[in-house]
Amino acid sequence: MEKASPDCPYPGCFFCVMKEGNPSKRRSSILKFFRELPSQDDDGQVLPISGLWNTAMAHPNDPEFIELGIFECMSALIWKGLKNRRWLSHDQNIYIPYYAAHIIGSYTMNMEEFAESAVHSGVIPPLVELLRGRLTWVEQRVAVRALGHLATYASTFPSVASHGEILELSIQLAMSSLEIVYSHFYQFVDRRLSYHCDLLTRGMGGVEMESRKAEEWASQLQCWSLQLINCFAFKSEFLSTICKPEFLVKLPGMWGGLVNETSPAGIGLLRTICHHKLGRGPVASCPGIIEALCNIACSSDDWQYMAIDCLLWLLQDPSTCHKVIDKAVPALVDLAEISTLGDHKKLGDSIVNVLQECIQSQGTGRNSVSSRAKDQIEEIVNSRHRLKWEKNMPKEDLHIKQAAALVVKLEGNSLFSAGNISGAASKYSEALALCPMRSKKERVVLYSNRAQCHLLLQQPLAAISDATRALCIHNPVNRHAKSLWRRAQAYDMIGLAKESLLDAILFINECSQSTDPDLSLRQNKVPDYAERLVKKQMRAAWLFRDAAIKHGGVHCDGDGGDIYGQETDDSEWETASESDMGNDDQGNGDWKNEDERNDHYDKASIKGVRHGYNVQLMEDDEP
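These figures come from a predicted structure and were not determined experimentally. Per chain, residue numbering runs from 1 following the sequence as it is written. At least 70 in pLDDT is required for a residue's local features to be given in this predicted model, at least 80 for side-chain atom pairs to be given and counted, and no such filter applies to totals for whole chains, interfaces and linings, which use all residues. Side-chain figures throughout are based on the complete set of non-hydrogen atoms in the structure, without hydrogens or water.

Considering the environment of Lys374
Then, in step 1: A helix here means a DSSP run of H or I that spans at least four residues, while a strand means a run of E at least two residues long, and both kinds are numbered starting from the N terminus. With respect to the helices, strands and loops of the structure, Lys374 is situated in helix 23 (residues 371-391).
Then, in step 2: Burial here depends on accessible area, computed with a 1.4 Å probe over protein chains only, as a share of the maximum for the residue type. Under 20% is buried, over 50% is exposed, and the range in between is partly exposed. Classification of Lys374 as partly exposed rests on a relative accessible area of 26%.
Then, in step 3: Expressed as a C-alpha distance, the spacing of Lys374 and Ile359, which sit 15 residues apart in the sequence, is 6.9 Å.

Points about the packing of aromatic side chains
Then, in step 1: Side-chain rings of Phe, Tyr and Trp, where Trp is taken by its six-membered ring, are said to pair if the distance between their centres is within 6.5 Å; with planes under 30 degrees apart they count as stacked, over 60 as edge-to-face, and otherwise as tilted. All told, the structure shown has 22 aromatic pairs when counted by the stated rule.
Then, in step 2: Consider the rings of Phe34 and Phe65, whose centres lie 5.7 Å apart with planes at 85°: the pair is edge-to-face. Of the two residues, Phe34 sits in helix 2 (residues 23-36) while Phe65 sits in helix 4 (residues 64-67), which places them 31 residues apart along the sequence. Comparing Phe34 with Phe65 shows no difference in burial state: the two are buried.
Then, in step 3: Seen from their ring centres, Phe71 and Tyr107 are 6.5 Å apart, and the 85° between their planes marks the pair as edge-to-face. Taken together, the residues span a long stretch of sequence, with Phe71 in helix 5 (residues 70-83) and Tyr107 in helix 7 (residues 96-107) at a distance of 36 residues. Residue Phe71 shares its accessibility class with Tyr107, and that shared class is buried.
Then, in step 4: Our definition puts a charge over a ring when NZ of Lys or CZ of Arg is within 6 Å of the ring centre and also within 35 degrees of the ring normal. The ring centre of Tyr186 lies 5.9 Å from the NZ or CZ of Arg192, which sits over that ring.

Let's talk about the packing of helix 17 (residues 265-274) against helix 20 (residues 304-316)
Then, in step 1: Geometry is summarised by axes, namely lines fitted to C-alpha atoms with helices restricted to the contacting stretch, and by angles between N-to-C directions that run from 0 to 180 degrees. At a minimum axis distance of 9 Å, the contact between helix 17 and helix 20 shows a crossing angle of 25°. Compared by their axis directions, helix 17 and helix 20 come out roughly parallel. In this structure, helix 17 meets helix 20 at a crossing whose hand is left-handed. Across the interface between the two elements, Ile267, Gly268, Leu270, Arg271 and Cys274 of helix 17 pack against Tyr305, Met306, Ala307, Asp309, Cys310, Trp313 and Leu314 of helix 20.
Then, in step 2: Taken together, the residues of the contact of helix 17 with helix 20 sort by class into 9 nonpolar, 1 polar and 2 charged. An angle below 35 degrees is treated as roughly parallel, one above 145 as roughly antiparallel, one from 65 to 115 as roughly perpendicular, and anything else as oblique. By definition, turning the near helix anticlockwise from the far helix through less than a right angle yields a left-handed crossing, and turning it clockwise yields a right-handed one. Only heavy atoms matter for contacts: two residues are in contact if any of them lie within 4.5 Å across the pair. Under the scheme applied here, ten amino acids are nonpolar (Ala, Val, Leu, Ile, Met, Phe, Trp, Tyr, Cys and Pro), four are charged (Asp, Glu, Lys and Arg), and all others, including Gly, are polar.

Topic: helix 5
Then, in step 1: Here the expected length of a helix is defined as 1.5 Å per residue gap, with one fewer gap than residues. Over its 14 residues, helix 5 runs 20 Å from end to end, which matches the ideal 20 Å to within 8%, given 1.5 Å per residue.
Then, in step 2: Every buried residue of helix 5 is accounted for by Ile70, Phe71, Cys73, Met74, Ser75, Leu77, Ile78, Lys80, Gly81 and Leu82.

Notes on the side chain of Glu210
Then, in step 1: Looking at where Glu210 falls in the secondary structure, it is placed in helix 14 (residues 207-233).
Then, in step 2: Discounting residues that sit within four places of it in the chain, Glu210 has contacts with Phe185, Arg192, Cys197, Leu200 and Thr201.

Some thoughts on the pattern of salt bridges
Then, in step 1: Take a side-chain nitrogen of Lys or Arg and a carboxyl oxygen of Asp or Glu: if they are within 4 Å of each other, that pair is a salt bridge. All told, the structure shown has 26 salt bridges when counted by the stated rule.
Then, in step 2: Residue Lys536 pairs with Asp492 through a salt bridge whose shortest N-O separation is 2.9 Å. Within this pair, whereas Lys536 is found in helix 30 (residues 528-540), its partner Asp492 is found in helix 28 (residues 481-493), the two being separated by 44 residues in sequence. Each member of the pair, Lys536 as well as Asp492, carries the same accessibility label: buried.
Then, in step 3: Through salt bridges with shared partners, one network takes in Glu129, Arg132, Arg134 and Glu165.

Focus on the confidence of the model for the protein
Then, in step 1: A score between 0 and 100, pLDDT records how confident the predictor is in each residue. With 83% of its residues at a pLDDT of 70 or more, the protein shows a mean pLDDT of 85.
Then, in step 2: Scored below 50 in pLDDT, residues 554-620 makes 147 contacts in the model with residues more than four places away or belonging to other chains.

Let's talk about unusual backbone geometry
Then, in step 1: Of note, the bond from Asn475 into Pro476 is cis; its omega dihedral lies within 30 degrees of zero at 5°.
Then, in step 2: Along the polypeptide, Pro476 turns up in the loop between helix 27 (460-473) and helix 28.
Then, in step 3: Positive phi, close to 50°, is recorded for Asp91, a residue that is not glycine.
Then, in step 4: Secondary-structure assignment places Asp91 in the loop between helix 6 (85-89) and helix 7.
Then, in step 5: Of note, Lys346 is a non-glycine position whose phi angle comes to about 50°, a positive value.

A word on the packing of helix 10 (residues 137-152) against helix 13 (residues 194-201)
Working note: a packed helix pair is described by the angle between its axes plus the distance between those axes.
Then, in step 1: The geometry of helix 10 relative to helix 13 is characterised by a closest axis approach of 10 Å and an angle of 45° between their N-to-C directions. In terms of their interaxial angle, helix 10 and helix 13 are classed as oblique. Mapping the contact onto sequence places Trp137, Val138 and Glu139 in helix 10 and Tyr195, His196, Leu199 and Leu200 in helix 13.

Considerations on the environment of Gly412
Then, in step 1: Inspection of the secondary structure puts Gly412 in helix 24 (residues 395-417).
Then, in step 2: Assessed through its relative accessible area of 0%, Gly412 is described here as buried.
Then, in step 3: Once the C-alpha coordinates of Gly412 and Gly423 are considered, the two residues, 11 residues apart in sequence, prove to be 7.0 Å apart.
Then, in step 4: Setting aside residues up to four positions removed in sequence, Gly412 forms contacts with Ala424, Lys427 and Tyr428.

The following block contains the structure:
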């Protein structure tokens with residue numbers, strides 16, 4: 001290799017080679033560098049490897065290094081680190097297997113021909129050794145990422161699948177990744193490996209930064225494991241290995257926290273499994289999964305449509321329909337008026353059609369549909385008939401119905417203001433029966449109003465149902481601020497922290513764009529009541545919560561001394577109410593003072609008010 005420039009301290013410096021102006025000479029020198037590097041024991045080898053990592057991340061589709069043997073070089077370096085611990089512990093060589101696996105993953109994530117070259121270069125066996133945990137979880141993270149990319153392509157998947165242990169190792173890693181990172185890094189600050197800290201923070205250290213990055217990397221470790229498993233799940237012959245109850249039951253909870261919002265995580269894998277007939281049986285038979293799918297389907301999760309797909313496929317399969325119908329129907333009925341969700345067009349029509357098929361194909365005995373489910377399906381089918389009927393009504397008659405619905409709604413508002421919450425809920429139901437189906441804005445308000453009544457009456461499931469219906473009708477879908485807030489409170493009442501958190505965050509986003517003075521954020525300040533709920537739910541949905549409980553809890557830096565995994569007094573985290581919207585910055589205009597408002601609700605004898613679930617009467621439109 002050419003000598004380094006006089007001011008460069010490293011002989012045969014890769015960076016000096018890269019500056020070579022003669023293209024032919026440059027390629028020859030790079031080829032020689034890749035061939036000779038694994039056999040050298042010189043200091044400073046990590047510098048060119050980290051430089052190659054930066055190049056791979058910035059230009060993953062550039063074929064130059066692929067043609068010159070970078071995969072053979074990286075594979076040899078990983079083997080060297082695994083077999084020669086003396087070399088691995090010398091200088092900064094401990095970083096090299098990590099960078100080498102990362103480079104392989106980066107160059108194979110987009111280009112199938114690069115993946116084929118990597119397989120032919122023998123990268124899979126050393127990556128499997130890293131996946132086994134021969135080094136640490138940090139190397140496992142980049143190994144599973146690289147193997148996931150290789151498994152994505154039809155031409156290279158068989159080579160990955162031929163190593164039968166990869167699937168089993170990935171399943172175990174998906175289930176244990178959070179606990180591994182927690183117990184091996186997060187829990188004990190004074191035992192953290194220095195090179196782990198350096199990799200996580202890239203030189204910008206600090207305990208808080210390290211801890212935050214550890215959560216992100218743990219989430220990635222789990223999500224990349226699921227992505228690799230997902231490649232196997234497309235092949236029916238691997239479903240028996242994947243569809244073990246102890247794994248399936250954990251999938252709905254593998255959502256990757258808030259740092260991997262582009263990953264479908266566990267719900268994406270469930271969707272792949274449910275696409276196969278062989279997979280639907282185990283899913284339908286696994287306790288808790290259907291309920292979890294219903295919760296995701298009726299949430300503001302970005303992957304809501306995936307849960308809906310799972311439920312529809314399970315209902316369309318005669319062998320699984322009877323197992324899931326009683327739990328799935330209430331959720332799907334609430335979603336029946338949704339229009340477009342992501343790439344799904346006329347999703348509500350698809351839902352209604354599937355539900356109708358369930359009624360028409362119902363059997364007797366164990367395959368029969370319960371009377372409750374039957375009534376719910378008939379209700380939504382009748383709504384569709386009503387919509388068709390209204391299309392032929394004279395406009396004058398529709399206006400009369402709209403006016404009648406408005407009168408009844410105002411009667412409901414008056415009852416709500418007087419503290420008669422049950423009476424108000426009944427009036428909103430009556431108004432919904434009168435209100436034309438095409439009057440979507442008015443029906444959003446009515447459903448949202450009734451959801452608030454259910455909150456006050458301590459009926460969170462009914463509140464979730466009505467808020468979900470309002471959010472489905474609203475244009476755009478899932479963007480009605482008050483319904484998001486009411487559903488966030490209802491989810492909180494039944495302990496669904498993740499769903500509550502997602503709704504609360506969306507509520508804040510909607511408030512930031514709202515022109516409603518009761519909702520809009522003043523001076524970009526997040527309202528205290530929303531901040532309190534988000535903090536509470538982030539603590540409850542903390543990525544490492546289960547691991548912390550198992551291992552005795554850990555102090556949460558910067559969160560007022562709260563201890564994760566231990567019982568804490570949540571009295572300060574009482575869910576805030578929308579009445580606080582008016583009091584947050586400028587006071588509540590509906591009551592003369594706080595005493596009058598409290599006295600008013602005391603007379604109504606509504607327990608929920610004292611627990612923060614009351615909502616003021618806003619204008620003459622929505623409570």
